[in-house]
Amino acid sequence: MQIISGTVVAEKVLEECRRDIAALAALGKKPGLAVVLVGDDPASRAYVRSKDKKCRDLGLHSVKLELPVTTTQAELLAHVEALNQDPTIHGILVQSPPPPHIDEAAIVRAIDPAKDVDGFHPVNVAKLALEDPTGFVPCTPLGCQRLLIEAGIETKGANAVVVGRSMIVGKPMALLLMAKGPGGDATVTVAHSRTRDLPAITRQADIIIAAIGRPHFITAEHVKEGAVVIDVGINRVEAPGTEKGYKLVGDVAYDEVAPKCRAITPVPGGVGPMTIAMLMANTIKACQQARSEERR
Ligand code: NAP
């Protein structure tokens, strides 16, 4: 059984990022990422902090905009518009979820698709479906695909079952796996909460992508011998006696599933580190594409 280390693969992606950043620096360019946070949700704050830190570690230009929870839709739109116009910013990300009075879909649509490094803008969703390489693909599924490629897992012709159909993970993951080329060409099934007899469906899978948001949901009965399992889930469960009082677990019951697998990702240390690495890679791609546009 192979444990696919997201930590190791993410470091490889970041090494490529450093190389690309150096090449851009030689041309007088520095990729810039702006992360916008509205409100003071502690988990969102932690995510924003770690994105900002990763940018700075790599030597990217990083702007962290922390706005009060009272920020109106119009004010937020004005901030997004200013970032759209800012030539030092190549990627814009508005941390999800915003407070309930904010229309998140309208904010996403206001971001310049060329700076939408989260890949949530309708233009980028369409580009993914169209297999247009100039589009931005959401970072988590992009990271999952990269893990499969780096682990030497053949996706071509494989039966892949994606459990979850969110716009952030499940749906783009399915599109990536069915696209033509490396890390694609799979026969894809997408399961969700209305799926009948999920274990019977997942047991057909050579590759299972679990993106459900329920701790230890995928058990040994869901998995055939020799399957590859990518666990996207990050769930907080109580852990009395530990310093924090909680721990992070995946959507897969790792201890009972891993022995049946050909390969599996752990939580933590699997998909998690890939997401932020792909965000850096997307920001660099946005800068490279902006430069190509300038030269036209
Ligand atoms: P989400 O928007 O809540 O979507 C969950 C999906 O799971 C939905 O499509 C839902 O079906 C499906 N589902 C729920 N219960 C089910 C059941 N009993 N059987 C089958 N399917 C079921 O969540 P998400 O944003 O995609 O995130 C999924 C997990 O990934 C979460 O644990 C999240 O924390 C984690 N995540 C991790 C990263 C990372 O960087 N590693 C990034 C993003 C998300 P319906 O559509 O029918 O409701």
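Source: prediction; values computed, not measured.

Observations regarding the pattern of salt bridges
- Here the structure, examined in full by the defined rule, presents 12 salt bridges.
- With a closest N to O distance of 3.1 Å, K29 and E294 form a salt bridge. Residue K29 is found in the loop between α1 (6-26) and β2 (32-38), and its partner E294 is found in helix α10 (residues 271-295); the two are separated by 265 residues along the sequence.
- Exposure remark for K29: the relative accessible area of 25% places this residue in the partly exposed category.
- The closest approach of N and O atoms between R146 and E150, which form a salt bridge, is 2.9 Å. Placement of the pair is R146 and E150 together in helix α6 (residues 139-150), with a separation of 4 residues, close to one helical turn.
- Relative accessible area serves as the criterion here: at 16%, R146 is assigned to the buried category.
- In this structure E150 comes out as partly exposed when scored by relative accessible area, which is 28%.
- Each of the salt bridges in this network shares a partner with another, and the network as a whole consists of K12, E16, R146 and E150.

A look at the packing of α6 against helix α7 (residues 170-178)
- Relative orientation of the contacting elements α6 and α7 amounts to 40 degrees, with a least axis distance of 9 Å. What the angle tells us is that α6 and α7 run oblique. Crossing hand, α6 versus α7: right-handed. For the pair α6 and α7, contact is made by P141, L142, C144, Q145 and L148 and by P172, M173, L176 and L177, respectively.
- When its residues are assigned to classes, the contact of α6 with α7 shows 8 nonpolar, 1 polar and no charged.

Focus: the site of the ligand
- The environment of the ligand is formed by 21 residues, the closest being R165, S166, S193, I234 and T275.
- Between the ligand and S193 there is a distance of 2.5 Å, counted from an oxygen atom to a side-chain nitrogen or oxygen.
- In this structure, a nitrogen atom belonging to the ligand sits 3.3 Å away from a side-chain N or O atom of R214.
- With the chains in place, 72% of the 920 Å² that the ligand exposes on its own is no longer accessible.
- Among the elements that line the shell around the ligand, the one with the most residues is α10, at 3 residues.

Notes on the side chain of H222
- As for its position among the elements, H222 is in the loop between β7 (207-210) and β8 (227-231).
- By relative accessible area, H222 is classed as buried at 6%.
- Other than its neighbours up to four places away in sequence, H222 contacts L198, P199, T202, R203, I208 and F217.

Some details on the packing of α6 against α10
- Interaxial distance between α6 and α10 falls to 8 Å at its minimum, and their mutual angle equals 110 degrees. When the axis of α6 is compared with that of α10, the two are roughly perpendicular. Mapping the contact onto sequence places C139, T140, L142, G143, C144, R146 and L147 in α6 and V271, M274, T275, M278, L279 and N282 in α10.
- Its residues assigned to classes, the contact of α6 with α10 comprises 8 nonpolar, 4 polar and 1 charged.

A short note on the state of the cysteines
- Considering all chains together, one arrives at 0 disulfides under this definition.
- In this structure C17 is a free cysteine whose sulfur lies 9.9 Å from that of C55, the closest cysteine sulfur available.
- A relative accessible area of 2% means that C17 is categorised as buried.
- There is no disulfide at C287, and the cysteine sulfur nearest it, in C17, is 12 Å away.
- For C287, a relative accessible area of 1% corresponds to the buried category.

Some details on the nonpolar core
- Core analysis: the biggest nonpolar cluster contains 53 residues, and L148, L177, I207, I209 and M280 have the highest contact counts within it.
- Of all the elements, α10 adds the most residues to this core, at 10 residues.
- Aside from chain neighbours lying at most four places away, what touches L148 is I153, T155, L177, I207, I209, V228 and I230.

What about the environment of G245?
- Tracing the backbone through its elements, the reader meets G245 in the loop between β9 (235-238) and β10 (246-249).
- Looking at G245, the relative accessible area reads 29%, which means it is partly exposed.
- Excluding residues within four positions of it along the chain, G245 makes contact with V237, E238, A239 and P240.

Some remarks on the sheet that holds β8
- One open sheet holds the 6 strands; their spatial order is β1-β11-β8-β7-β5-β6, and the pairing between them is parallel. Of all strands in the sheet, those bounded by a partner on one side alone are β1 (2-3) and β6 (187-191).
- The sheet contacts of α7 involve β5 (159-163), β6 and β7, and relative to β5 the element is tilted by about 170 degrees.

Cut-offs used in this document
- Along each chain, residue indices are assigned from 1 in the same order as the chain's sequence is written.
- Only residues with pLDDT of at least 70 get local features here, since the model is predicted, and only at 80 or more are side-chain atom pairs given and counted; chain-wide, interface and lining totals rely on the full set of residues.
- Side-chain metrics rest on all non-hydrogen atoms present in the structure, leaving aside hydrogens and water.
- Any Lys or Arg side-chain nitrogen found within 4 Å of a carboxyl oxygen on Asp or Glu counts as a salt bridge.
- Helical segments are the DSSP runs of H or I of at least four residues, strand segments are the runs of E of at least two, and each set is numbered from the N terminus.
- When accessible area is computed with a 1.4 Å probe and restricted to protein chains, residues below 20% of their type maximum are described as buried, those above 50% as exposed, and intermediate ones as partly exposed.
- Simply put, an axis is a line fit to the C-alpha atoms, just over the touching stretch for a helix, and the angle between two N-to-C directions goes from 0 to 180 degrees.
- By definition in this entry, angles of less than 35 degrees are roughly parallel, angles greater than 145 are roughly antiparallel, angles of 65 to 115 are roughly perpendicular, and the rest are oblique.
- For any pair of crossing helices, the crossing counts as left-handed if the nearer helix is rotated counterclockwise from the farther one by less than a right angle, and right-handed if it is rotated clockwise.
- When checking whether two residues touch, look at their non-hydrogen atoms; a contact exists if any pair is within 4.5 Å.
- The nonpolar class holds Ala, Val, Leu, Ile, Met, Phe, Trp, Tyr, Cys and Pro. Asp, Glu, Lys and Arg form the charged class, and all remaining residues, Gly among them, are polar.
- For each residue, the test is whether any non-hydrogen atom lies within 4 Å of the molecule or strand; if one does, the residue is near.
- Contacts described as polar in this section are N or O atom pairs within 3.5 Å, which, within protein, must combine one atom able to donate a hydrogen with one able to accept it, while residues neighboring in sequence count only if both atoms come from side chains.
- To be clear on the numbers: accessible area is Shrake-Rupley with a 1.4 Å probe, and residue cover counts the displayed protein chains and nothing else.
- Cysteine sulfur atoms are paired as a disulfide whenever they come within 2.5 Å of each other.
- Side-chain atoms within 4.5 Å link the members of a nonpolar core, which is a set of buried Ala, Val, Leu, Ile, Met, Phe, Trp, Tyr and Cys residues.
- Whether two strands pair depends on DSSP finding at least two bridges between them.

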